[in-house]
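# Reading the structure
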Amino acid sequence: MMSITNNEILLMAEAVSREKDLDREIIFVAIEAALATAIKKLHPEEIEARVNIHRDTGQYDTYRVWDVVDDDEEILFPDRQISLSEARSSYPQLNVGDQIEELMQAVKFGRIAAQAAKQVIMQKVREAKRMQIAERYEERVGELVSGLIRRLDHGNAIVDLGDAEAILPKTAMIAREGLRPGDRIRALLKTIDTEARGPQLILTRVSPEFLIKLFKLEVPEAGEGIIEILGAARDPGSRSKIAVRTNDSTVDPVGACVGIRGSRVQSVSNEIAGEKVDIIVHSENLGEFVIQALAPAEIESIYIDDSKNSMDVVVTEDNLSRAIGRGGQNVRLASELTGWELNLMTEKEALQKQDDEMQVLVGQFMAQLDIDENVAGILAQENFVSLEEIAYVPKHELLEIEEFDEELVDELRSRARDSLLRSAYATEGDGVPSEDLLGLEGMDQETALALARAGIQTSEDLADCAVDEVLDVVDIDEAVAGKLIMTARAPWFNRE
């Protein structure tokens, strides 16, 4: 039998500390963890152990550890758990969650066990080294790094950054780029993977952020903030689009990014396997920005649907294929860059879609308001698209319609509000006003529904409220609120 000697521990800590450029304390902690693991494996019972190494001599003490658990808790691991009452018989000050440690006799390692312990120590050291590197690079996530490809491992590239190794996954490489060991590359430090066996630095060359960082590196005006790069969209290795604007009216943002004879944009393109880059001037005018993003196609008109975050973009037949791009690339990149879903269509398709939507809207108004096709058609033609608009837009807007008089307008508004209330009743469930609340003098359906949604469903509920409570849930005059409450309280006075 043999053991890992005190001298071996000190020599190992010193040598590994120099070789791995790690603090000796980190090495000692790794050795302690490894020895504890080895000791637990050698012990016949499933114990928990802790090792403490004396930093000056290399001598180490081994402790057996018990976790203190509540008396009511079932002891699942009797070799490393002890009930609170039993623990307090020897240590009265202990509480649940504390630990008891008892000094163990030194364990003798066989040759194989000693070798295994040393392997575990080196594994712990490697993990500690990775952790140190991760901490050093934590603040550099999102920045450009450069390094040399050392080897390819299952399609992933292992990149030497000089003071650390990083992984460029196959999925984060530009397709058909053909990277080989010995190639020097730039990449974006995307994240630090803490789920792996020891933290790992993960790189990417396909993210839009990588393209933006390259331009900031190649274009001094972008690096200094004179030019802002507001977004990018990429089809890695094929084509990309970036949106730029200037904070200095004397600087042309596109010209600055292109460079003399295209030198700057070409330098970026060379770094990303010849990817073509379209540089677009950002505009606060959304329509203008979309037109720029879809270039070189010529746009006839744009219809914006804010509720769906989408736009119908109308182009001529001749421009349709150009706007779409090969395999839909142009419109896809433009959608990604602008953040809007762009639906390309010809003028004929746009007119047909408008007609179809108009017919659907007319049918909805006829059913919801119980009106004829003529009146419903007028509402749709005047760009009314919902019952809420008919019920709550200023009355004069409806009166401005040539075919409508005041009587018809009042009737339409009344029917629209009734329909909305019926719909609300159907979906609110418990938040429906009672008949006695609806029947209160001065009460209208809209106010009753708002009160019911807040839990004030009966006249008795309302009678218990203060004016401020009512005003918190419904937008009415304070005097009206007070009068409604007093009306609801009338039965109290009658009983008296």
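Check the entry above for the structure.
Residues numbered from 1 in each chain as written. Predicted model: local features only at pLDDT ≥ 70, side-chain atom pairs only at ≥ 80, totals over all residues. Heavy atoms only, no water.

## Quick notes on the overall build of the protein chain
Defined as follows: Helix and strand definitions follow DSSP, with helices as H or I runs of at least four residues and strands as E runs of at least two, each counted in order from the N terminus. Only C-alpha atoms enter the radius of gyration; for comparison, a globular chain is expected to reach 2.2 Å times N to the power 0.38, where N is the number of residues. Under the scheme applied here, a residue whose accessible area is under 20% of the maximum for its type counts as buried, over 50% as exposed, and between as partly exposed, the area being computed with a 1.4 Å probe on protein chains only. All accessible-area figures derive from a Shrake-Rupley calculation using a 1.4 Å probe, and residue coverage is judged against the displayed protein chains alone. Charge assignment: positive for Lys and Arg, negative for Asp and Glu; neither His nor the chain ends contribute. In this description, the location of a charge corresponds to atom NZ of lysine, CZ of arginine, CG of aspartate or CD of glutamate.
When you go through the protein chain residue by residue, the secondary structure sums to 21 helices and 15 strands. Taken over the C-alpha trace, the protein chain has a radius of gyration of 37 Å; the compact-globule value for 496 residues is 23 Å, which it surpasses by more than 25%. Here the protein chain, with 496 residues, has 40% of them falling under the buried criterion. In the structure as shown, the protein chain presents an accessible area of about 28,000 Å², 46% of it carried by carbon and sulfur atoms. Separation between the mean location of the 53 positive side-chain charges and that of the 96 negative ones in the protein chain comes to 16 Å.

## Focus: helix α10 (residues 317-324)
Spelled out, the test is: This arc is taken over the directions from the axis of the helix to the C-beta atoms. Contact definition: two residues touch when any of their heavy atoms are within 4.5 Å.
Turning to α10, its buried residues are Asn319, Leu320 and Ala323. For α10, the angular spread of buried residues about the axis comes to 120 degrees, placing them on one side. Of the exposed residues in α10, the ones pointing more than 90 degrees away from its buried face are Glu317, Asp318 and Ser321. The secondary structure elements touched by the buried residues of α10 are β14 (310-315), α11 (329-338) and β15 (341-346). Just downstream of α10, glycine 325 is the residue with a positive phi angle, here 80 degrees.

## Brief notes about the packing of helix α5 (residues 208-218) against helix α8 (residues 263-271)
Here is the rule we go by: Helix axes are fitted only over the stretch in contact, all axes being lines through C-alpha atoms; the angle between N-to-C directions runs from 0 to 180 degrees. Angles are sorted into four bins: roughly parallel if under 35 degrees, roughly antiparallel if over 145, roughly perpendicular if 65 to 115, and oblique for all others. Crossing chirality is assigned from the near helix's rotation relative to the far helix, an anticlockwise turn below a right angle marking it left-handed and a clockwise turn marking it right-handed.
Direction vectors running N to C along α5 and α8 enclose 140 degrees, while the axes themselves pass 10 Å from each other. Viewed along their axes, α5 and α8 adopt a mutual orientation that is oblique. Both α5 and α8 take part in a crossing whose hand is right-handed. Facing α5, whose interface residues are Phe210, Leu211, Leu214, Phe215 and Glu218, α8 presents Arg264, Val265, Ser267, Val268 and Glu271.

## Considering the sheet that holds strand β7 (residues 165-168)
Short version of the rule: At least two DSSP bridges between two strands are needed for those strands to be called paired.
Taking strand neighbours around the barrel as the criterion, the five strands line up as β5-β6-β7-β9-β8 in a closed arrangement whose pairing is mixed. Taking each pair of neighbouring strands and ignoring which way they run, the sheet shows an average axis angle of 55 degrees. Taken together, the five bridges between strand β8 (residues 184-193) and strand β9 (residues 200-204) define a ladder with antiparallel strand orientation. The residue of β9 that forms the bridge with threonine 191 is isoleucine 202.

## Description of helix α9 (residues 286-293)
We apply this condition: In protein, a polar contact requires one atom able to donate a hydrogen and another able to accept it; more generally it is a pair of N or O atoms within 3.5 Å, and residues adjacent in sequence count only if both atoms are side-chain atoms.
Restricting attention to buried positions, one finds in α9 the residues Gly287, Phe289, Val290 and Ala293. Down the axis, α9 shows its buried residues gathered within 160 degrees of arc, on one side only. Looking at the buried residues of α9, the elements they touch are β11 (239-246), β12 (276-281), β13 (301-305), β14, α11 and β15. The distance from a side-chain oxygen at the start of α9 to the backbone nitrogen of glycine 287 is 3.1 Å, and the residue carrying that oxygen is asparagine 285.

## Brief notes about the nonpolar core
This is how it is decided: In this description, a nonpolar core means a group of buried Ala, Val, Leu, Ile, Met, Phe, Trp, Tyr and Cys residues linked to one another through side-chain atoms lying within 4.5 Å.
Among the nonpolar cores identified, the biggest contains 23 residues, and Leu211, Phe215, Ile242, Ile272, Val277 and Ile279 are the most heavily contacted of them. Mapped by element, the contributors of at least two residues to this core are α5, β10 (227-235), β11, α7 (253-258), α8 and β12. If you tally residues by element for this core, the top one is α5, at five residues. Those residues in contact with leucine 211 that lie beyond four places of it in its chain are Ala232, Arg234, Ser240, Ile242, Val268, Ile272 and Val277. If you look at the next biggest cluster of nonpolar residues, it comprises 22 residues, including Ile371, Ile378, Ala380 and Val393.

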